[in-house]
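# What the coordinates show
If you want the building blocks of each chain, they are given just below.
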Amino acid sequence: MSDRHAVIWTRSADGPLKLGNLVVTQRESRFSYSDEALARDDVPGVSLLLPRSATPPVFQAKGGFFMYPRLMALIPPPGHNLQRQIVTRLLQAAPGGIPAGQDLEWALFLLAGRNGIGHLDVFPDDLAADRWYRQPAPAPNQAIGPRSRLWAQLRDGFVHDLAPLDARVVEHLIGPTPSAGGMTAKLLAAIPDAPRWDGRIAPPGTQRIGDTTFTDVVLKIEQPHYAGLAELEVLCLRVHRECGFDTPRFWRSSQAEMEFLAVERFDRCGGLPLPLESLYALLAMGRREFLSTADITLDELGQTIPKLAAVAALEVKSTQEAIFRRVVLALLTGNGDLHLENLSLLGGAREARLAPVYDPAPMRAWARHDLRFAIPIDFDNAHGGVAGNLIALAPAFGMKPAKAREIIAALLVQTRDYPERVMALDKVPLERRQRLVEVVTRERRGVAEELGG
Ligand SMILES: Nc1ncnc2c1ncn2[C@@H]1O[C@H](COP(=O)(O)OP(=O)(O)OP(=O)(O)O)[C@@H](O)[C@H]1O
Ligand SMILES: [Mg+2]
C-alpha cells in the first residue's frame, strides 16, 4: 500500500483554518500541525490526545484502527448506516467504482469526513478544501417538506428496503449528507425552531429561511425491527432531564409513515462547530491494549478521568460523578447500551466537559441488547449484589461510598414510576414494554432490597 495523504481543516470565528497534514501508512499515522494552527491556541486541536505541538504523537495501527481513532470516527460505520450507503452508492457511480477493504474506508473518509459531528473537516488536499469552503452557504428558500421525494426515498429506499436508494436524489436535495456514527439511521439536518416539528428540514447549518429560524439536529429515523425505539428513547430523555442531567431539546414526530426523533445538536454554537470526542476514541488513542468497549472495566474508566484532566481543562470530580450517575440511571432504566461511544467530551482542551446526555435508549427491551452494563463491571460477590458493586466503584469515581449510595437511592426514588410510564406508551409494541418492565423491575427490586438492608 502506498502512503495516504489528507488535510484536516476546521471552521473558526475568523473563517476556515487548516489544522494540518495527515499521512497514513500501513503501520502508523502521523499528523503535523500547520504553522497557522500552531499560532492559534484559541482554536481546538484535532484531538485532546493530539495536542497542538510541533511533534504530535504518532499512532501505531492496531486491531481495527488503521489510523488515529479520533479520525476513524469520521468514517460512517459498516452495517445499515445511511451515510455509508449513500456515499458507497456515490462511489459506485465514480470511474474507479467501489474499492475494497481499507481503500474503501479511506475513500469514505475523504468523501464523508466533513461537516459531520464535531469540528473536523477532511479533504484530499487544500485545493479541495478551498473549493468546498467557497461554496455558497446553504441558503434554501424553501425547506424540504414531508411530501418531498426525499422522504419517499428514505422510506422506500432505506427504512423499508422496497427499492434501491437513489443517492443522487438525496444528495441533490440536502447536499452530500455529512457523516454520523451509530446504528440507528440518521440525518444531520436543520429543523424549524418551534415547539412542534412539522416534518420540514433544511441542510445542516441553515439558520433561517424567511421568517423562520432553524436549529441543527441529529434526526434519528426508527427502523421497523426496532419499532417503539423512538418513543422509548424520548421517555428516557425526559427521565434524564427530570433527574437533573444536562439533556438537549428533542422533538418526536411521525411523518411520511416514518417515526422520527430529532435531538438538538450540542456540537454547534452560533453556527460554529465544537469538538466532540467519544471516550471510546480517547481510550483507543491513549491505551495501547484498548481495542473495544469490553477492554476496560467501569472502575478503570473512573480512574481514567484524572488522566484526561492532564491534557484538558476538565473538572475531574464533577465529570466522574456525572458518569457514575449515568451508569446508575442506565441500570435503573434498562439502558444496556451505555457504551463508550455514548459518552463524549465536548469542547477543546481549554474548556472540555462531559457532553450532554445522548442515546439513552432502553435497549434491554430487545433480547439481543440485554446487557446489564455495556462497559463491564468487575463484579465481586464480596461487595454484595449490583448495588454493592456500584457502591464499591465510588473511590474510582472520586467519591466516598456514602455518596455513591446516596446517588443510587435518590435516582431510584426519582424514577419510581418509570415502569408504569413504560407501560403507558401504547405506541410501543406490548412485547417490548413487557420485556423492559420485567428487566427493570427485577433490577430495581434488587437494588432497593440491597439498599434497604
Ligand atoms: N445531540 C447531539 N449533538 C451532537 N452530536 C450528537 C448528538 N446526538 C448524537 N450525537 C453524535 O452522533 C452519534 C450517533 O448518535 P446516537 O448515539 O444517538 O445514535 P445511535 O445510532 O443510536 O447509536 P448506537 O449505535 O450507540 O445505538 C453519537 O455517537 C454522537 O457522536
Ligand atoms: Mg450511540
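Residues numbered from 1 in each chain as written. Chains lettered and ligands numbered in written order. Predicted model: local features only at pLDDT ≥ 70, side-chain atom pairs only at ≥ 80, totals over all residues. Heavy atoms only, no water.

## Points about the nonpolar core
By size, the foremost hydrophobic cluster in this structure holds 101 residues, and its most contacted members are Leu22, Met67, Leu71, Phe109, Leu301, Phe324 and Leu390. Tallying contributions element by element places helix H11 (residues 316-333) first for this core, with 8 residues. Not counting residues within four places of it along the chain, the set of residues in contact with Phe109 comprises Ala6, Leu22, Met67, Leu71, Leu74, Ile75 and Val122. Listed in part, the 26 residues of the second largest apolar core include Leu82, Ile221, Met258 and Ala262. (Core = buried A, V, L, I, M, F, W, Y, C linked by side-chain atoms within 4.5 Å. Buried < 20%, exposed > 50% of the residue type's maximum accessible area, 1.4 Å probe, protein only. Helix = DSSP H or I, 4+ residues; strand = E, 2+ residues; numbered from the N terminus. Contact = heavy atoms within 4.5 Å.)

## So, the packing of aromatic side chains
Given two aromatic rings, their pairing is described by the distance between the two centres and the angle made by the two planes. Under the criterion given, the structure shown has 15 aromatic pairs. Seen in terms of ring centroids, Tyr226 and Trp366 are 5.3 Å apart; in terms of plane orientation they differ by 65°. Their pairing is edge-to-face. Placement of the pair is Tyr226 in the loop between strand S8 (212-221) and helix H8 (229-242) and Trp366 in the loop between strand S15 (353-354) and helix H12 (386-391), with a sequence separation of 140 residues. Grouping residues by exposure puts Tyr226 and Trp366 together as buried. Seen from their ring centres, Phe266 and Tyr358 are 5.9 Å apart, and the 40° between their planes marks the pair as tilted. With Phe266 in the loop between strand S10 (258-264) and strand S11 (268-269) and Tyr358 in the loop between S15 and H12, this pair connects stretches of sequence that are 92 residues apart. A connected cluster of aromatic rings, assembled from ring pairs, spans Trp9, Phe123, Trp132 and Tyr133. (Phe/Tyr/Trp six-rings, centres within 6.5 Å; stacked < 30°, edge-to-face > 60°.)

## A closer look at the sheet that holds S15
If you walk across this open sheet you meet the 3 strands as S13-S14-S15, and the pairing is antiparallel. Strands at the two margins of the open sheet, each flanked by one partner only, are strand S13 (276-278) and S15. Lying on the sheet, helix H9 (residues 279-286) is in contact with S13 and strand S14 (344-346); it crosses S13 at an angle near 65°. (Pairing = 2+ DSSP bridges. Axes fitted to C-alpha atoms, helices over the stretch in contact; angles between N-to-C directions.)

## Section: the coordination of the magnesium ion (ligand 2)
Bound to the magnesium ion (ligand 2) are the protein donor atoms Asn342 (OD1) and Asp359 (OD), situated 2.2 Å from the metal. Taken as a pair, Asn342 in the loop between H11 and S14 and Asp359 in the loop between S15 and H12 lie far apart in primary sequence, 17 residues in all. A single burial state applies to Asn342 and to Asp359, both of which are buried. (Donors = N, O, S within 2.8 Å, 3.2 Å for Na, K, Ca; no water.)

## Observations concerning the pairing of strand S6 (residues 185-192)
Counting buried residues along S6, 8 of its 8 residues qualify, which places the element largely inside the surrounding structure. Strand direction decides the pairing type here: S6 and S8, joined by 8 bridges, are antiparallel. In the sheet register, Ile191 faces S8, and the bridge partner there is Thr215.

## Comments concerning the site of ligand 1
Taken together, 20 residues form the shell around ligand 1, and within it Met183, Thr184, Lys186, Lys220 and Asp359 come nearest. Phe266 places a main-chain nitrogen or oxygen 3.1 Å from a nitrogen atom of ligand 1. Burial of ligand 1 by the protein amounts to 91% of the accessible area it has alone, namely 610 Å². Only S8 and S10 provide two or more residues apiece to the shell around ligand 1. When the residues that make up the shell around ligand 1 are grouped by side-chain class, the tally is 7 nonpolar, 5 polar and 8 charged. Structurally, the shell around ligand 1 is a two-domain feature, drawing no fewer than three residues from each of domain 2 (149-269) and domain 3 (275-452). (Near = heavy atom within 4 Å. Polar contact = N/O pair within 3.5 Å; in protein donor to acceptor, adjacent residues only side chain to side chain. Areas by Shrake-Rupley, 256 points an atom, 1.4 Å probe, with all protein chains shown as cover. Nonpolar A, V, L, I, M, F, W, Y, C, P; charged D, E, K, R; others polar. Domains from an automatic or database assignment.)

## Quick word on the pattern of salt bridges
One pass over the structure, following the stated rule, counts 27 salt bridges. A salt bridge links Asp103 to Arg4, with the shortest nitrogen-to-oxygen separation between them at 2.5 Å. Taken together, the residues span a long stretch of sequence, with Asp103 in helix H4 (residues 101-112) and Arg4 in strand S1 (residues 4-12) at a distance of 99 residues. A salt bridge links Arg84 to Glu105; the shortest N-O distance between them is 2.7 Å. (Salt bridge = Lys/Arg side-chain N within 4 Å of Asp/Glu carboxyl O.)

## Details of the domain arrangement of the protein
What the domain assignment lists for the protein is domain 1 (4-74 + 113-134), domain 2 (149-269) and domain 3 (275-452). Between the C-alpha centres of domain 1 and domain 3 there is a distance of 31 Å. Listed as interface residues are 19 residues of domain 1 and, on the opposing side, 21 residues of domain 3. With both sides pooled, the region where domain 1 packs onto domain 3 buries about 1,700 Å², and carbon together with sulfur makes up 70% of that total. Of all residues in domain 1, Leu48, Leu49 and Lys62 give up the largest surface area on contact with domain 3, accounting jointly for 42% of the area buried on that side. Joining domain 1 to domain 3, the criterion identifies 0 salt bridges. Taken together, domain 1 and domain 3 are joined by 9 residue pairs in polar contact (both at pLDDT 80 or more). Taken together, the elements giving at least two residues each to the side of domain 1 that touches domain 3 come down to strand S4 (59-60) and helix H2 (69-72). Among the residues making up the side of domain 1 that touches domain 3, the classes are represented as 10 nonpolar, 5 polar and 4 charged. (Buried area = accessible area lost by both parts, 1.4 Å probe.)

## What about the packing of helix H13 (residues 401-414) against helix H15 (residues 430-452)?
Closest axis-to-axis distance for the H13/H15 pair is 11 Å, and the angle between their directions is 130°. When the interaxial angle is binned, H13 and H15 end up oblique. For H13 against H15, the interelement crossing comes out left-handed. Facing H13, whose interface residues are Arg405, Ile408, Ala409 and Leu412, H15 presents Arg444, Val447, Ala448, Glu450 and Leu451. (Parallel < 35°, antiparallel > 145°, perpendicular 65-115°, else oblique. Left-handed = near helix turned anticlockwise from the far one by under 90°.)

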